[in-house]
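Coordinate analysis (summary)
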Amino acid sequence: MTTQISTPRAQRRVRGVDPVPWWLKLIAFVVGLYFVLPTLFVIPMSFSSATTFQFPPQGFSLTLYRNFFTDPVWLDALRNSVVVATLAALLATVAGTAAAVGLHNLRGRLARFARTVLMISMVTPAIVIAVAIYISFLQWQLVGTLAGYVLAHAAIGVPFVLVSVSSALGGFDAKLLRAASSLGATPLRTFITVTMPLISRGIITGAVFAFVTSFDEVVIALFLRSPALQTLPVQMYNSVTVEIDPTIAASSSVVVTAVTGICLVLQFVGGRRKSS
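Since this is a predicted model, take the numbers as computed values, not measurements.

**Quick notes on the nonpolar core**
- Judged by nonpolar contacts, the single largest core of 37 residues is most densely connected at V165, F215 and L232.
- Of all elements in the fold, only helix 3 (63–70), helix 4 (72–104), helix 7 (146–169), helix 10 (200–216), helix 12 (232–241) and helix 13 (247–275) reach the threshold of two or more residues within this core.
- The dominant element in this core, judged by the number of residues it contributes, is helix 4, at nine residues.
- Leave out the neighbours within four places in its chain, and L232 touches F68, W74, A77, L78, S81, F215 and V255.
- Counting 14 residues, the second-largest nonpolar core is a separate cluster that includes V84, A130, F137 and A152.

Next up, the structure:
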């Protein structure tokens, strides 16, 4: 008869992941409540019948939403944000995916330096990036242009795509590429038919984050704005600082709902793919 000696390490493997302590759950709850709390005030205010900011709202009305969806100024800003975010997300997705694939098998100082340069916008203060972009774009005559908005927002979206695609490439089997090459597939065909389907989840996730980042960005947009072209966050900023327009409550609710819906759809689709 043999006996098994139970060691703390063996017990830890049997037990699996250690339970999350209560104090960490409490901190996570407080932080989450801190970020959600403004929404609990803004959304009810968007249905108020008052002509100024009031909480709790006085009465129920859709006047602010009607103003938002009928005012040409708000509609133009919304359209500009959607166009800029879509183009910036496409450009960031292409550049970020290419960078992730290129750096996947690259090692050494050069790889670390290239990754650091591509990721530096995530840790640099937004005002520093905005000033640098404004000075550069003034010389290139890109301030106040659609191309300037797209290039600037794509630059801050590339790191999100790079992280997402790099994570997807972490479980990629390089033997599949060699198998495709042995069958006569060109590198481009191999990437389209083999690599892209396997890392598609990472590409889609990065594209969504790049779109949301561009759609919600305000600091760089304030430096690049012009009377003929400004995005929705800039218009929202103007409605608070330049004029007291309660329509911002409706526009904020629309932005929060749209961003939350996109993230929920992404999580739902990702969960469905993982379960299947």
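**So, the environment of S121**
- You can see S121 is positioned in the loop between helix 5 (109–119) and helix 6 (126–140).
- Sequence separation between S121 and P159 is 38 residues; the distance between their C-alpha atoms is 7.4 Å.
- If we skip the residues at most four places from it in the chain, S121 touches I129, A155, I156 and P159.

**Remarks on the side chain of N80**
- The topology assignment puts N80 in helix 4.
- For N80, a relative accessible area of 13% translates into the label buried.
- A distance of 3.1 Å separates a polar side-chain atom of N80 from the backbone oxygen of Q230.
- When neighbours within four sequence positions are excluded, N80 is seen to be in contact with L229, Q230 and T231.

**Here we look at helix 9 (residues 187–198)**
- Taking 1.5 Å of rise per residue, twelve residues should cover 16 Å, and helix 9 covers 15 Å from first to last C-alpha, within 8% of that figure.
- Looking only at helix 9, the buried set comprises T190, V194 and T195. The buried residues of helix 9 occupy one face: seen down the axis, they fall within an arc of 85 degrees. Seen from the open side of helix 9, the exposed residues pointing more than 90 degrees away from its buried face are L188 and R189.
- Where helix 9 is buried, its residues touch helix 7 and helix 8 (175–182).

Rules of the game
Residues numbered from 1 in each chain as written. Predicted model: local features only at pLDDT ≥ 70, side-chain atom pairs only at ≥ 80, totals over all residues. Heavy atoms only, no water. Core = buried A, V, L, I, M, F, W, Y, C linked by side-chain atoms within 4.5 Å. Buried < 20%, exposed > 50% of the residue type's maximum accessible area, 1.4 Å probe, protein only. Helix = DSSP H or I, 4+ residues; strand = E, 2+ residues; numbered from the N terminus. Contact = heavy atoms within 4.5 Å. Polar contact = N/O pair within 3.5 Å; in protein donor to acceptor, adjacent residues only side chain to side chain. Expected span 1.5 Å × (residues − 1). Arc of directions from axis to C-beta.

Honestly, that's just the spatial picture; any functional story needs more than this.
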